[in-house]
Amino acid sequence: MGRQRTSNSAWVSGTLIVILAALIFFVPSYGWALRDFLSPSPSDSLGGGQNRGTVASLAAENDALKAQLAALQVIQAQLPTSTPNAIRAMVYSRYPMNFKNELLVNAGSREGVTQGAAAVYQGMLLGQVVSVYSDSALVRTIFDDGMKMPVRIGAHGYDGLLQGGAEPFIGSIAANDAIVPGDIVYTAAPDMPYALPIAEVTATSTSPDNLFEQASIDIPYDINNVETVLITP
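Residues numbered from 1 in each chain as written. Predicted model: local features only at pLDDT ≥ 70, side-chain atom pairs only at ≥ 80, totals over all residues. Heavy atoms only, no water.

**Considering unusual backbone geometry**
Step number 1: Even without glycine at this site, Ala195 takes up a positive phi of about 70 degrees.
Step number 2: Owing to a relative accessible area of 37%, Ala195 belongs among the partly exposed residues under this scheme.
Step number 3: With a phi angle near 65 degrees, Asn210 is a residue other than glycine that sits in the positive phi range.
Step number 4: With respect to the helices and strands, the residue Asn210 is situated in the loop between β10 (197-206) and β11 (213-218). (Buried < 20%, exposed > 50% of the residue type's maximum accessible area, 1.4 Å probe, protein only. Helix = DSSP H or I, 4+ residues; strand = E, 2+ residues; numbered from the N terminus.)

**Examining the packing of aromatic side chains**
Step number 1: One pass over the structure, following the stated rule, counts 2 aromatic pairs.
Step number 2: Ring centres of Tyr186 and Tyr194 lie 6.1 Å apart, and the angle between their planes is 75 degrees; on these two criteria the pair is classed as edge-to-face.
Step number 3: Residue classification places Tyr186 among the buried residues on the basis of a relative accessible area of 15%.
Step number 4: We classify Tyr194 as exposed; its relative accessible area is 52%. (Phe/Tyr/Trp six-rings, centres within 6.5 Å; stacked < 30°, edge-to-face > 60°.)

**Examining the nonpolar core**
Step number 1: Core analysis: the largest hydrophobic core is formed by 44 residues, its most contacted members being Leu162, Ile170 and Ile231.
Step number 2: A total of 4 residues in this core trace back to one element, the largest contributor, which is strand β3 (residues 118-121).
Step number 3: With residues up to four places along the chain from it excluded, the contact list for Ile170 reads Val151, Ile153, Gly160, Leu161, Leu162, Val185, Glu213, Gln214, Ala215 and Ile217. (Core = buried A, V, L, I, M, F, W, Y, C linked by side-chain atoms within 4.5 Å. Contact = heavy atoms within 4.5 Å.)

**A closer look at the side chain of Thr228**
Step number 1: Inspection of the secondary structure puts Thr228 in strand β12 (residues 228-232).
Step number 2: In this structure Thr228 comes out as buried when scored by relative accessible area, which is 0%.
Step number 3: Side-chain polar atoms of Thr228 contact the backbone oxygen of Ala89, separated by 3.0 Å. (Polar contact = N/O pair within 3.5 Å; in protein donor to acceptor, adjacent residues only side chain to side chain.)

Structure follows, in structure tokens:
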């Protein structure tokens, strides 16, 4: 019985070979099509290695697209869209040195960033560009001890001086200026866009030298959560 099956298989195989040869000779297009159908594909002969490589490549591309989408979502969530001529920039990670006094952003002279430009977060002044490189810039924030800037306070526009630091405050306020909690502090420096909001007054007190008033302020954001800023011209 086994010999009969072997004989039948051999006969069928021989018949197919004869038919294939005849088709290749007399009708080449059908013959080669039949040969391709009966032959294993190159990918099958190569095994699964090539397929695994393709899958890995597609997975990497997918991860890259996810990262780009995440960056775009951060920009959309944190940046106002109405500021004209502003340059959008992402903040580089500060881990593990999570300092608040300065930020490095991914826009520089190639994008039109200039030294002295204002860095804005959600419409509020975050700091000022102090160094510009070709593809990045260093921003000194209002949490830097070296940040000092003329400001105005409230609807009457009382003069004051922003003193940066871990707890920024407004100093050099005239003693007879009626500053009250809730007044908005905004920019009034000649090298800054005018009237950018900075913070809100929470309380006032007399300065240590008893010559001026000073005001503590509330910063309505956590700088550690800032991932993108606008650089204004």
